[in-house]
Amino acid sequence: MAEIKVLPEEVVAKIAAGEVIERPASVLKELIENSLDAGAAKIDIEIKKAGRGLIRVHDDGRGMAREDLRLALGRHATSKLNTFEDIYSLATFGFRGEALYSIFAVSRLKMASFVHGAPSGYEIEGEGGHVTAEIPAAPVKGTTIEAADLFFNTPARAKFMKSDTAERAQLIRTVEEAALANLGTAFRLVIDDKEILSLPVHPGGLWENLKDRAAAIFGKNIYAGLVRIESKAPGMAVYGLFSRPDALSATRVNQHFFVNRRPVSSALLRQALYRGYGHMLTGRHPACALFLELAPDTFDANIHPQKRDVKFSGENEIFKTISNTVFTELLSKQTAASPLPAVEGGKKEIFDVPSFRNSPDAAAPSAAAETPSLFGGNEALTPVSAAAPVPDWSAGDLKYLGQLAKSYLLFDSGSGLLVVDQHAAQERILFEKYLGEFSGGAIKVQPLIIPLETELSRSQMETVLKWRDWMKTAGFEIDQRGPGTALLRAAPALFYFTQPAFADFLGYLSEVLGEPQKAAEDMKRSIIATMACKKSIKAHDFVKPQEALRLMEDLKKTKDSYHCPHGRPTLFHLSGQDIARRFQRSASV
Ligand code: ADP
Ligand code: MG
């Protein structure tokens, strides 16, 4: 007798389901994607018992005709794909034709739908892959799918589920990501009869909607620390909202990555993000909604059954573009006391997001297609640190009052008190001077009569050596003596290194820098400059009045006088009114 048996269809279905449907959030993700593919303008989601009890998704999309309802539940049933080659054009989200089939195999399913012009709506019901009823339904625009009692017939899988709290968190995240990725579709999420998210679509453009959703999804505090970043490179665009370096979080839960508007988890993108922040991170984590737009044939999102992971053809370019964009934009975008630079429409080149979703099916009103209306003077994105606007000071109008804690310089600004972090201010000035010399190709180098020495681990030494030639162009002559000893023979004349400072500098360098050829030139420069500046300035310096005023003159001339190169503020201003308010007086000084 033959040993080989053909598995019954039911078993096959359950196995397939195991690949696609891992947990309640995977069901939800598939249903949302289908609704989006159907051109939904609004998606309503209801969850009970962390998704085990019920996952219900209602959309106002195109709907399905009576005969398609049954077909849609079959294996490899899809209206979105005809040939294998189509997989490579990611015009729609779903193309495996397996989601509904898999969900049906492991739940009690109800699916009601209505197409425009049909005599009535229809509903199909069943469980564990068997249809039990087909009945007429109300002519309600779109489709409603209910998956109840998930994994009722696969107890082994049910056991693998995490706690209700964890499953619920994952369900919410699924909706959040879909909502960030699809700004032209309204979302509403109700869990156990409680409204968790309500995200309508605003008449404004992409940024208005993204901003709105970010505020709802990230929460007020994190949202207040975000800045908008965008840039274009050949064949690629990067944009989104990112934490300011002084507003980082303790965890990475608020990081969202999208490729062509699809949520992805990608080590490459995450690493590029972290590289962009570089030394500004100090052990904390940025929040972000990072959007990468690529030509559809330059990446593959189908290597993972849940379609989360992506494979890129131009990894190096992507890494470089993202890290550079984040780095340079973070440094340049910051202005201390003013809100996010309010860009008036028209003046700046308006960034239109390239859309590669060119399927005629993708008829959902897409915010991306509209002209983005840009953040203009909105309160929510004002840096948290901005207590009051800084008057347009110039050193001549300042009266130096004295120094506090050998670290802060106090000035009478005429309209209040200006407090300057002398260390941060010096760093900013030095940073820009050095970068100026660097880009002019004229770094003044100072040989050290007695070279500075420091011990490094082997791997640190390896990184430093990789960078040695480049460091020379940056004005640093570094040598190796013995397996673990590095020598500094010459340094830019602007910097003053002590031995411990040099040790720290190389230590940092070897942690922060990776492959020299991977980083772009101006990013390398900025990293070296920020680190060298930090190490070269002694805190707790006594400052004479002329020096204090001189410092302010120099600071005024810098491009970003409100931030040190690490993104921390260099100064703040207490207006007369602020001071009066603290004394509960109404008049100002
Ligand atoms: P895929 O999305 O890969 O095509 P699915 O199993 O997710 O496979 O869905 C099968 C088919 O059912 C889809 O191709 C689509 O035609 C139809 N369908 C599923 N959900 C919806 C919906 N919400 N609105 C309209 N059609 C739908
Ligand atoms: Mg699908």
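Conventions we followed
Residues numbered from 1 in each chain as written. Chains lettered and ligands numbered in written order. Predicted model: local features only at pLDDT ≥ 70, side-chain atom pairs only at ≥ 80, totals over all residues. Heavy atoms only, no water. Helix = DSSP H or I, 4+ residues; strand = E, 2+ residues; numbered from the N terminus. Buried < 20%, exposed > 50% of the residue type's maximum accessible area, 1.4 Å probe, protein only. Contact = heavy atoms within 4.5 Å. Areas by Shrake-Rupley, 256 points an atom, 1.4 Å probe, with all protein chains shown as cover. Core = buried A, V, L, I, M, F, W, Y, C linked by side-chain atoms within 4.5 Å. Domains from an automatic or database assignment. Pairing = 2+ DSSP bridges. Axes fitted to C-alpha atoms, helices over the stretch in contact; angles between N-to-C directions. Phe/Tyr/Trp six-rings, centres within 6.5 Å; stacked < 30°, edge-to-face > 60°. Lys NZ or Arg CZ within 6 Å of the ring centre and 35° of its normal. Salt bridge = Lys/Arg side-chain N within 4 Å of Asp/Glu carboxyl O. Parallel < 35°, antiparallel > 145°, perpendicular 65-115°, else oblique. Left-handed = near helix turned anticlockwise from the far one by under 90°. Nonpolar A, V, L, I, M, F, W, Y, C, P; charged D, E, K, R; others polar.

Engineer: Is there a simple way to think about the overall build of the protein chain in this case?
Structural biologist: Of regular secondary structure, the protein chain possesses 17 helices and 22 strands. Relative to its 589 residues, the protein chain shows a buried fraction of 53%. Looking at the protein chain alone, contacts between residues at least 24 apart form 71% of all its contacts between residues at least 6 apart. Roughly 27200 Å² of accessible area belongs to the protein chain as shown, and the carbon and sulfur atoms make up 54% of that amount.

Engineer: Explain the nonpolar core to me, please; I cannot follow it from the model alone.
Structural biologist: Counting residues in each nonpolar core, the largest one holds 68 residues, and the members touching the most others are L292, F312, F476, F497 and F505. When residues of this core are sorted by domain, at least three fall in each of domain 2 (203-388) and domain 3 (445-493 + 495-534). In this structure, F476 is in contact with Y434, M471, L488, A490, A491, P492, F495, F497, F505, I528 and A532, ignoring residues within four places of it in sequence. Membership of the second largest hydrophobic core comes to 60 residues, among which are I45, A72, M161 and L189.

Engineer: Looking at this structure, I do not really get the sheet that holds strand β19 (residues 445-455). What am I missing?
Structural biologist: Sheet architecture is open: 3 strands sit in the order β19-β21-β20, paired in antiparallel fashion. Bordering the open sheet on either side are β19 and β20 (477-481), each of which pairs with just one other strand. Across the sheet, the axes of successive neighbouring strands diverge by a mean angle of 20°, strand direction being ignored. Where β19 lies against strand β21 (residues 485-492), 7 bridges are found, and the strand directions are antiparallel. Looking across to β21, one finds that V445 is bridged to P492.

Engineer: What's the story with the packing of aromatic side chains in this structure? I'm lost.
Structural biologist: Describing an aromatic ring pair means giving the distance of the ring centres and the angle of the ring planes. Applying the stated rule across the entire model yields 14 aromatic pairs. Ring geometry for Y239 and F291: centres 5.1 Å apart, planes at 10°, overall stacked. With Y239 in strand β10 (residues 236-243) and F291 in strand β13 (residues 288-294), the pair connects residues that are 52 residues apart, well separated along the chain. Ring plane angle 50° and centroid distance 5.4 Å describe the contact between Y400 and F411, whose orientation is recorded as tilted. Linking Y400 in strand β16 (residues 399-404) with F411 in strand β17 (residues 408-412), this pair joins segments that are 11 residues apart in sequence. Given a relative accessible area of 17%, Y400 falls into the buried group. The cationic tip of R108 hangs over the ring face of F152; the distance from NZ or CZ to the ring centre is 4.1 Å. Note that R525 overlies the ring of F438, its terminal NZ or CZ placed 4.5 Å from the centroid.

Engineer: Please explain the sheet that holds strand β5 (residues 130-137) as it appears in this structure.
Structural biologist: Whether parallel or antiparallel, the strands of a sheet pair through hydrogen bonds between backbone atoms. One open sheet accounts for 8 strands, arranged β5-β4-β3-β6-β2-β1-β7-β8; its pairing is mixed. At either margin of the open sheet sits one strand with a lone partner, and together these are β5 and β8 (194-199). Adjacent strand axes in the sheet meet at a mean angle of 10° when their direction is disregarded. Direction of pairing for strand β7 (residues 186-191) relative to β8: antiparallel, over a ladder of 5 bridges. The residue of β8 that forms the bridge with V190 is E195. Running over the sheet, helix α6 (residues 164-181) touches β1 (42-48), β7 and β8 and is turned about 170° from β7. Contacts between helix α7 (residues 206-218) and the sheet are confined to β7 and β8, with β8 contributing the most and set at about 155° to the helix.

Engineer: Just to check I follow, could you spell out the pairing of strand β3 (residues 108-114) for this structure?
Structural biologist: Within a regular strand, the side chains alternate between the two sheet faces. Buried residues dominate β3, accounting for 5 of its 7 residues. For β3 and strand β4 (residues 121-127), the ladder comprises 6 bridges, and the chain directions are antiparallel. Within β4, the position partnered with K110 by the bridge is E125. As consecutive antiparallel partners, β3 and β4 are separated by 6 residues, and within that stretch G117 has a phi angle of approximately 95°, a positive value. Taken together, the 7 bridges between β3 and strand β6 (residues 142-148) define a ladder with antiparallel strand orientation. Each bridged residue has a counterpart across the sheet, and for M111 the counterpart in β6 is I145.

Engineer: Quick question: what am I supposed to make of the pattern of salt bridges here?
Structural biologist: Two side chains of opposite charge can pair, provided their charged atoms sit close to one another. All told, the structure shown has 29 salt bridges when counted by the stated rule. In this structure, the salt-bridge partner of E437 is K444, at a minimum N-O distance of 3.2 Å. For E437, a relative accessible area of 14% corresponds to the buried category. The salt bridge involving E521 is made with K524; its shortest N-O contact spans 3.7 Å. Of the two residues, E521 and K524 both sit in helix α15 (residues 521-536), 3 residues apart, roughly one turn of that helix. Taking the relative accessible area as the measure of exposure, K524 reaches 8% and is therefore buried. A single network of salt bridges, built from pairs that share partners, joins E46, K48 and D193.

Engineer: Would you take a moment to explain the packing of helix α2 (residues 24-37) against α6 for this structure?
Structural biologist: Each pair of packed helices can be described by the angle between their axes along with the distance between the axes. Put simply, α2 and α6 touch, their axes get as near as 8 Å, and they point 20° apart. The orientation of α2 relative to α6 falls into the category roughly parallel. For the pair α2 and α6, the sense of crossing is right-handed. In contact with P24, A25, L28, K29 and I32 of α2, α6 contributes E167, Q170, L171, T174, V175 and A178. Within the contact of α2 with α6, the residues separate by chemical class into 7 nonpolar, 2 polar and 2 charged.

Engineer: Looking at this structure, I do not really get the pairing of β4. What am I missing?
Structural biologist: Of all 7 residues in β4, 5 are buried; the element is thus mostly enclosed. As defined by bridge partners, β4 adjoins β5 across 7 bridges and the pair is classed as antiparallel. Residue pairing for β5: E125 is matched across the bridge by A133. Between β4 and the antiparallel strand that follows it, β5, lie 2 residues; G128 among them carries a positive phi value of about 55°.

Engineer: Looking at this structure, I do not really get the packing of helix α11 (residues 422-439) against α15. What am I missing?
Structural biologist: Their axes nearest at 9 Å, the elements α11 and α15 cross at an angle of 140°. With respect to their mutual orientation, α11 and α15 come out oblique. In terms of crossing hand, the pair formed by α11 and α15 is right-handed. Side by side, α11 and α15 meet where H423, E427, L430, F431, Y434, L435, F438 and S439 of the first sit next to E521, R525, S526, I528, A529, T530, C533, K534 and S536 of the second. For the contact of α11 with α15, the residue count by class is 8 nonpolar, 5 polar and 4 charged.

Engineer: Teacher, can you tell me more about the environment of F497 here?
Structural biologist: When you line up the elements, F497 lands in the loop between β21 and α14 (499-512). The exposure class of F497 is buried, given its relative accessible area of 9%. In this structure, the C-alpha to C-alpha distance between F497 and L452, residues 45 residues apart in sequence, is 8.5 Å. Ignoring sequence-local partners within four residues, the contact set of F497 consists of L452, F476, L488, A491, F502, F505, A532, K535 and S536.

This is a description of form; function is not addressed.
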